[in-house]
Amino acid sequence: RIIRTVNLIDAWESREFHLAYQPQFSVADSSLTGLEALMRWDSPTLGPISPEVFIPLVEESGLAVEVTEWVIREACRQGVLIIESGVSDFVMSVNVSALAFYEERFVERVLMALSDTGFPPDQLMLELTESAIFSDTRQTVSTLQTLQDQGIEIAIDDFGTGYSSFAYLRRFDVNQLKIDRTFLRGFEGDIQAHSIVESIVNLAHNLGMQALAEGVETHAQLETLRSMGCDQFQGFLMSKALDHDTLMQFLERHR
């Protein structure tokens, strides 16, 4: 099955995309701390398409700016519904394309989405990859400062898999480092992976940031993260990504 850019453009015009949300939790007590909004594509002809397949096509198609704006706006819109249901103490995380981040109207688009939906700025977290955040440091510093002046939080996604410069990291006012799931696969018995995760947690704390581990699937992994002082986690141990209706049921049970 070959998915091409033309399939994606047709699907975008036909509104075949929706958002799912993966809950995030405190390592200390497993209380809900956040939700990561994730784009999903369920094609009526091709079936479910993996994000690993279609996200690169979004970048190639010229739709990255438009899609990113839609994801932010839709996550904020549904976030307001969650708050109105009685669950208010969470941060909504949204992945941001590098192409969208460096587009000149990016900040304006984010603030407009918040204004139009009424979602609180201090409950929105924008996730950027290392490659995106370090590609134009002067503009990055300016854009991040403008966003954070509005109360919006910033996370570096998949930290440890790119080419981070610790010198630049000091210059960025970032709230969270997300530890990539690849480091957690079997890391209880892998001394090097264990050391990397522990180092990222310590680095985050030393720079005044929180550390969140992705892809937590076992209680042993969670206990190890707890012993390291990791702040938050997400993964199949607690919940997969859920569509809005299923999420609302999950939140009701979790309360």
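Residues numbered from 1 in each chain as written. Predicted model: local features only at pLDDT ≥ 70, side-chain atom pairs only at ≥ 80, totals over all residues. Heavy atoms only, no water.

Q: What exactly am I supposed to notice about the packing of aromatic side chains here?
A: Between two aromatic rings, the relevant description is the distance of the centres plus the angle of the planes. Inspection of the entire model under this criterion finds ten aromatic pairs. Between the aromatic rings of Trp12 and Phe17, the centroid separation amounts to 6.1 Å while the plane-to-plane angle is 50°, which identifies the pairing as tilted. Residue Phe17 is classed as buried on the basis of its relative accessible area of 9%. With 6.2 Å between their ring centres and 45° between their planes, Phe90 and Phe119 make a pair best called tilted. (Phe/Tyr/Trp six-rings, centres within 6.5 Å; stacked < 30°, edge-to-face > 60°. Buried < 20%, exposed > 50% of the residue type's maximum accessible area, 1.4 Å probe, protein only.)

Q: So what exactly am I meant to see when it comes to the packing of helix H5 (residues 106–117) against helix H7 (residues 137–149) here?
A: Between H5 and H7, the least distance of the axes is 10 Å, while the angle of their chain directions is 15°. The angle between H5 and H7 places the two elements in the roughly parallel class. The way H5 lies across H7 gives a crossing that is right-handed. For the pair H5 and H7, contact is made by Phe106, Val107 and Val110 and by Thr143, Thr146 and Leu147, respectively. By residue class, the composition of the contact of H5 with H7 is four nonpolar, two polar and no charged. (Axes fitted to C-alpha atoms, helices over the stretch in contact; angles between N-to-C directions. Helix = DSSP H or I, 4+ residues; strand = E, 2+ residues; numbered from the N terminus. Parallel < 35°, antiparallel > 145°, perpendicular 65-115°, else oblique. Left-handed = near helix turned anticlockwise from the far one by under 90°. Contact = heavy atoms within 4.5 Å. Nonpolar A, V, L, I, M, F, W, Y, C, P; charged D, E, K, R; others polar.)

Q: How do you make sense of helix H9 (residues 191–206) when you look at a structure like this?
A: Along an α-helix, residues three or four apart share an orientation, since each turn contains 3.6 residues. Taking 1.5 Å as the rise per residue, H9 with 16 residues should run 22 Å; its terminal C-alpha atoms sit 22 Å apart, in good agreement. Turning to H9, its buried residues number three or more, namely Ala193, Val197, Ile200, Val201, Leu203 and Ala204. Projected onto a plane normal to the axis of H9, the buried residues spread over an arc of 165° and lie on a single side. Turned more than 90 degrees away from the buried face of H9 sit Ile191, Gln192 and Asn206, all of them exposed. Between a side-chain oxygen at the N-terminus of H9 and the backbone nitrogen of Gln192 the separation is 3.0 Å; the capping residue is Asp190. Directly beyond the C-terminal end of H9, a positive phi value near 80° is found at Gly208. (Expected span 1.5 Å × (residues − 1). Arc of directions from axis to C-beta. Polar contact = N/O pair within 3.5 Å; in protein donor to acceptor, adjacent residues only side chain to side chain.)

Q: Can you walk me through the side chain of Gln24 in this structure?
A: For Gln24, the position within the fold is in strand E1 (residues 17–26). Those residues in contact with Gln24, other than ones at most four positions away along the chain, are Ser31, Leu32, Thr33, Gly34, Leu35, Glu36, Ser93, Glu127, Lys178, Leu212, Phe233 and Gln234.

Q: Help me out: how do you make sense of the nonpolar core in this one?
A: Generally speaking, a soluble globular protein has its nonpolar side chains buried in company with each other. In this structure, Met92, Phe106 and Leu126 are the most contacted members of the largest nonpolar core, which totals 80 residues. It is helix H3 (residues 64–84) that provides the largest number of residues to this core, a total of eight residues. Contact partners of Met92, with chain neighbours within four places excluded, come to Tyr21, Leu35, Ala37, Ala75, Gly79, Ile82, Phe119, Gln123, Leu124 and Met125. (Core = buried A, V, L, I, M, F, W, Y, C linked by side-chain atoms within 4.5 Å.)

Q: Quick question: what am I supposed to make of helix H10 (residues 219–228) here?
A: Within H10 the residues assigned to the buried category are Gln221, Leu222, Thr224, Leu225 and Met228. Looking straight down H10, one finds its buried side chains confined to an arc of 160°; they lie on one side. Those residues of H10 that are exposed and aimed more than 90 degrees away from the buried face are His219 and Ser227. Tucked into the core, H10 has its buried residues touching H9, strand E8 (210–213) and strand E9 (232–233). Backbone geometry just downstream of H10 places Gly229 in the positive-phi region, at approximately 85°.

Q: Can you help me understand the pairing of strand E2 (residues 32–43) in this one?
A: On any regular strand, side chains alternate: one points to one face of the sheet, the next to the other face. Counting buried positions over the twelve residues of E2 gives nine, a clear majority of the element. Pairing of E1 with E2 involves nine bridges; the strand directions are antiparallel. Residue pairing across strands places Tyr21 opposite Ala37, the latter belonging to E2. Between E1 and E2, which pair antiparallel one after the other, the connecting turn spans five residues, and Ser30 there sits at a positive phi close to 65°. The sheet contact formed by E2 and strand E4 (residues 91–95) spans four bridges and is parallel. Paired with Glu36 across the strands is Ser93, a residue of E4. Bridge count between E2 and strand E3 (residues 47–49): three bridges; the pairing is antiparallel. Counted as the bridge partner of Asp42 is Pro48 from E3. Hairpin connection from E2 to E3: three residues lie between these consecutive antiparallel strands. (Pairing = 2+ DSSP bridges.)

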